[in-house]
Amino acid sequence: MGPWWVRDLLSPLGLLLLAPLCLLHPGASGQPHPTRGAPRETSSIRGVRGGSVELACGAQSAPLVVFWSFTPLGSLIPQPVAVASGGEFKVEASASALGAVSLRNSSLVLWELQEGARGHFLCQALHLASGQLHATSSSLALAVLVPVSKPQVRLSDPSPVEGASLVATCIVREGTEPVTFAWQHQAPRGPAEALMGVTKRLIQLDPVNRTHLGWYTCTAHNAVNQLSSDGAFLDVIYGPDNPVITVEPLGFTEEGFGASEREEVTLSCLAASNPPSLYVWLHDHTQVHAGPTYVIASAGRAHTGLYTCLARNSRLDTHTQTSVQLTIYYPPKGRPSCAVLPAPGALTLVCTWPGGLPAAQLQWAGPQGAGPTALSNVTWSYAASQLANSSAFTCTSRHPALALPMLCRITLWEPLRSPTCWTVGTVRDQFIMLSCEWPGGEPPAVLSWLDEQEQPLGSSSSSPAIYLLQAQEDLAGREFTCRGTHPLRAPDPLCRLRLEAPQLAVAEPQVSVLEGEEAWLGCALLGGLPPAQLLWLGPQRRQVEPGTLGFTLHSEGTQLSLSVQGADPARHGGTYQCIAQNALGNSSRSVLLEVLRYPAPPNVTISRLTYGRRRSEVQLQWAVRGPGNLTGFLVQRRASVPGLGVGAWETVAGDIEPESRGRRLGGLDPGVLYAFRVLALNHRTAGHPSEVKTPADPPFSAYAAVLGAAGAGMVVATVASLLVFQYAARHPDTFPCLGRLLVSRWVWKPNHSGGQDFLLTGQEGWESITLLSYFTLREQSHRYQGSRGGPETTPGTEPSPTTPGSDPAQESTEPPVNVTITVTATP
């Protein structure tokens, strides 16, 4: 560490005592007094902000004590920085304004150099030589350089209009002077180019034109570094210039451009502008397209005209325009047409193909060679006597726009067969329309109508020929003739018509059907011209229209049939009329429809009507009395509510099979009194209602069981007693007393029915008594229950139908027990 006095100097108190000896301070007069050993020259050192610099303290050997001080620019008062002795050093806290300070031997090292380190540094050192202390000092002037920051280009107007003035500035936030600048310009579709001779911070463009449009970049550099800015885009607004129109495929005419029909024609328009121009195409002052290119996929004659391209700058709202004339060369529309016009004793061939640019060239050719030629329309006359059937003629059409000529051929031929004629009545039969037809032929035949005196009616015409007559009754029986004329047919064919009033006939004047069946009424038209209209009138003298409920009209040729479905005596019975009418009159025939009812069914009586357990259902049985056909039954009920009176009859069960004689009916209200009746049905004919009955309460079911059990017990006891008697009679030794009694009075013998009888002998003679009894427990039980209402079944179900006239209570499923007792007594 060194002698003790060195350690005392390194103490804080020693530093304070050493400072007055080492620092220059102002005297009384304000002038500095150098200390002993003050430096005589100053060295200059340069550093960069944020970098590092090392300040050396002389070239002598390592000093005992080193003291560094700093005097900022513009100040005369030094500030302590650091002190070191041996391997130890101490940095003043305020030295952080210079950067990161450290000592390496006697040198002062500044890291992360700050601009505040710009000034004079003084190094004072104590050296020990030959046992004596020597003081030395070094003065260093530190210059701190600042790199240039990234430049930024600022335009006075980013989007100037062409012709305006513009200033571009390269802004640098910091950097040690001197700073120099360089500018570059890059067009949107070109490489970057340096602006030669421009080294200033500002450039002025006056006036601005469209060549100045693009990206501008400036570069700033000083002694430390060089940086370039990001590009700034200068958007120069200009235009639109006058449009330039091009046409493809290229073809010129005296007036402008030309193209052939059916070609694809492309019209392009270009007008320099920023922003790009908006284009509108006009055809003869009518807008046809929006956009720079207008394509006509298949050019036609309608595309000929003046085409104008309008260019508009949306930013400046300025317009320019250019027009061109487009002419489409085209042949006539469609194909050439050929016709033959008949004339008395001759005919004329006509070939036409109008239109086109230029007009088409037409020429006829026939069996005798070439004929006349003309533009757009050419005719050729021929005498009828020189023509034969199937003569062919050709018209050749040529046009510059066509690669091949177009042909039109015509063949002369007479119509087949002869004219046909007919007549119909117009609406409401106010007129009679005579029609005649003779189709085909080349040229077409000429038709004309003639009256009975062969006088023409109206003018002649091609097929069909129509003539209207005022409808009158005196036209009946008159004859009219249609005459056809054709140059290749002789003599003229004829067709005749005779007008007649209609005539009718019916299939049957009287038709009888049963109620509910289908009736057919037939009517046929026997004659009449014009054709008559058939219709049916019902019994109410109203026309039967198609779709009328219950009626169907069937039309077949001259017949009209009327079908009546579900015949009802009240609605459908009566006289129907079939009417035929045309413009000359009408005719009618009557048909009587008789709808017969079915015979009345037999009468019905209610044999049983009892409530169920909860009075919500009843068990109904009935019987049929008297002869008659049956198709079913109908059950009706009527409710009586206290305070509301008696209600109307309502049907509670329909479509009951004719074999049924009973029905269980549910859905009753226990608080309502009901009355029931039954009606027999024969199809739609209902018989007389049965008597009206109200349900009775059900019987107590235990009573029938007791009687049944008692009857069964009696039968069992009787049979057992008879068996015992029989056994005793046959075996008297087993029961001697009973045997003697029975043997003396009874004789066992077979009877004529195959059984055996007991013969009782007495003093009065013989008497024979034969008893045949049938006892069936279930039969007695059923008989008793039938008299009290019968057993109850499950609610909501119906008993199986029984045979008409039979009582379900008399049926039994168990075999009977037969006991035969024969008693014979003789006097």
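Residues numbered from 1 in each chain as written. Predicted model: local features only at pLDDT ≥ 70, side-chain atom pairs only at ≥ 80, totals over all residues. Heavy atoms only, no water.

Student: Provide a residue-level description of the overall build of the protein chain, including the pertinent values.
Tutor: Scanning the protein chain from N- to C-terminus turns up six helices and 60 strands. By the burial criterion, 38% of the 827 residues in the protein chain qualify as buried. In the protein chain, 62% of the contacts between residues at least 6 apart in sequence involve partners at least 24 apart. When the accessible surface of the protein chain is totalled, it reaches about 46300 Å², and 54% of it is carbon and sulfur. (Helix = DSSP H or I, 4+ residues; strand = E, 2+ residues; numbered from the N terminus. Buried < 20%, exposed > 50% of the residue type's maximum accessible area, 1.4 Å probe, protein only. Contact = heavy atoms within 4.5 Å. Areas by Shrake-Rupley, 256 points an atom, 1.4 Å probe, with all protein chains shown as cover.)

Student: I'd like a rundown of a nonpolar patch on the surface, residues and numbers included.
Tutor: Together, Phe431, Ile466 and Leu468 make up an exposed nonpolar region whose accessible area comes to about 270 Å². Structurally, Leu468 is set in strand β37 (residues 465-470). (Patch = residues over 30% accessible without salt bridge, like charges linked within 9 Å, V, L, I, M, F, W, Y side chains within 5 Å. Salt bridge = Lys/Arg side-chain N within 4 Å of Asp/Glu carboxyl O.)

Student: Give me the nonpolar core: which residues, what numbers.
Tutor: Residues Trp68, Val81, Leu98, Leu108, Leu110, Phe121 and Leu142 are the most contacted members of the largest nonpolar core, which totals 23 residues. The set of elements that each furnish at least two residues to this core consists of β2 (53-55), β3 (65-72), β4 (79-85), β6 (100-104), β7 (107-111), β8 (119-129) and β9 (132-145). Look past the residues within four positions of Phe121 in its chain and what remains in contact with it is Leu55, Trp68, Ser69, Phe70, Leu98, Leu108, Leu110, Ser138, Ser139, Leu140 and Leu142. (Core = buried A, V, L, I, M, F, W, Y, C linked by side-chain atoms within 4.5 Å.)

Student: Outline the pairing of β8, listing residues and values.
Tutor: With respect to burial, β8 is a largely interior element, eight of its 11 residues being buried. Note that β3 and β8 share eight bridges and pair antiparallel. Paired with Val66 across the two strands is Ala125, which belongs to β8. Relative to β9, β8 runs antiparallel, the two being bridged by 11 bridges. Counted as the bridge partner of His120 is Ala141 from β9. In sequence, β8 turns back onto β9 through a hairpin of two residues, with Ser130 there showing a positive phi of about 55°. (Pairing = 2+ DSSP bridges.)

Student: Account for the sheet that holds strand β27 (residues 346-352), naming residues and giving values.
Tutor: Hydrogen bonds between backbone atoms are what pair the strands of a sheet, whose relative direction is either parallel or antiparallel. Strand order in the open sheet made by the three strands is β26-β27-β30, with antiparallel pairing throughout. Strands with a single pairing partner mark the edges of an open sheet, and in this sheet they are β26 (337-343) and β30 (377-383). Direction aside, neighbouring strands of the sheet carry axes that sit 20° apart on average. When β26 meets β27, the two strands line up antiparallel, connected through seven bridges. Bridged to Leu341 within β27 is Thr348. (Axes fitted to C-alpha atoms, helices over the stretch in contact; angles between N-to-C directions.)

Student: Which residues make up the environment of Val635, and what values do they have?
Tutor: The residue Val635 is located in strand β51 (residues 632-641) in this model. The class for Val635 is buried, based on a relative accessible area of 0%.

Student: Outline the packing of aromatic side chains, supporting the account with residue identities and numerical values.
Tutor: Evaluated as defined, the whole model comprises nine aromatic pairs. The interplanar angle of 65° and the centroid separation of 5.3 Å between the aromatic rings of Tyr382 and Phe393 together place this pair among those described as edge-to-face. Here the residue Tyr382 occupies a position in strand β30, and Phe393 occupies one in strand β31 (residues 392-398), the gap between them amounting to 11 residues. Among the aromatic side chains, those forming a connected cluster through ring pairs are Trp380, Tyr382 and Phe393. The aromatic ring of Tyr611 is capped on one face by Arg615, whose charged end is 4.0 Å from the ring centroid. A cation over an aromatic ring shows up here: Arg677 above the ring of Trp649, its NZ or CZ 4.3 Å from the ring centre. (Phe/Tyr/Trp six-rings, centres within 6.5 Å; stacked < 30°, edge-to-face > 60°. Lys NZ or Arg CZ within 6 Å of the ring centre and 35° of its normal.)

Student: Tell me what's going on with the confidence of the model for the protein chain, and back it up with residues and numbers.
Tutor: Per-residue confidence for the protein chain gives a mean pLDDT of 81, with 82% of residues at or over 70. The secondary structure element of the protein chain with the lowest average pLDDT is strand β59 (residues 765-775), at 34, and the one with the highest is strand β21 (residues 278-283), at 96. Note on residues 1-39: pLDDT under 50 across the span, and 44 contacts to partners over four residues away in sequence or across chains. Counting contacts from residues 744-827, a segment whose pLDDT is below 50, to residues more than four positions away or on other chains yields 155 contacts. (pLDDT = per-residue confidence, 0-100.)

Student: Which residues make up the pattern of salt bridges, and what values do they have?
Tutor: According to the stated counting rule, one finds 19 salt bridges in the structure shown. Here Arg49 ties to Glu115 by a salt bridge, and the two come within 2.9 Å at their closest N and O atoms. Residue Arg49 is located in the loop between β1 (42-48) and β2, and its partner Glu115 is located in the loop between β7 and β8; the two are separated by 66 residues in the primary sequence. When its relative accessible area of 26% is taken as the criterion, Arg49 is described as partly exposed. Measuring nitrogen to oxygen at the nearest pair gives 3.6 Å for the salt bridge that ties Glu515 to Arg597. With Glu515 in the loop between β41 (510-514) and β42 (519-521) and Arg597 in the loop between β48 (585-596) and β49 (603-611), this residue pair connects regions lying 82 residues apart in the sequence. Here Glu515 falls in the buried class, since its relative accessible area comes to 6%. Of the residues examined, Arg597 reaches a relative accessible area of 53% and is grouped as exposed. Several salt bridges converge on common partners, so that one network encompasses Arg49, Glu115, Arg118, Arg173 and Glu174.

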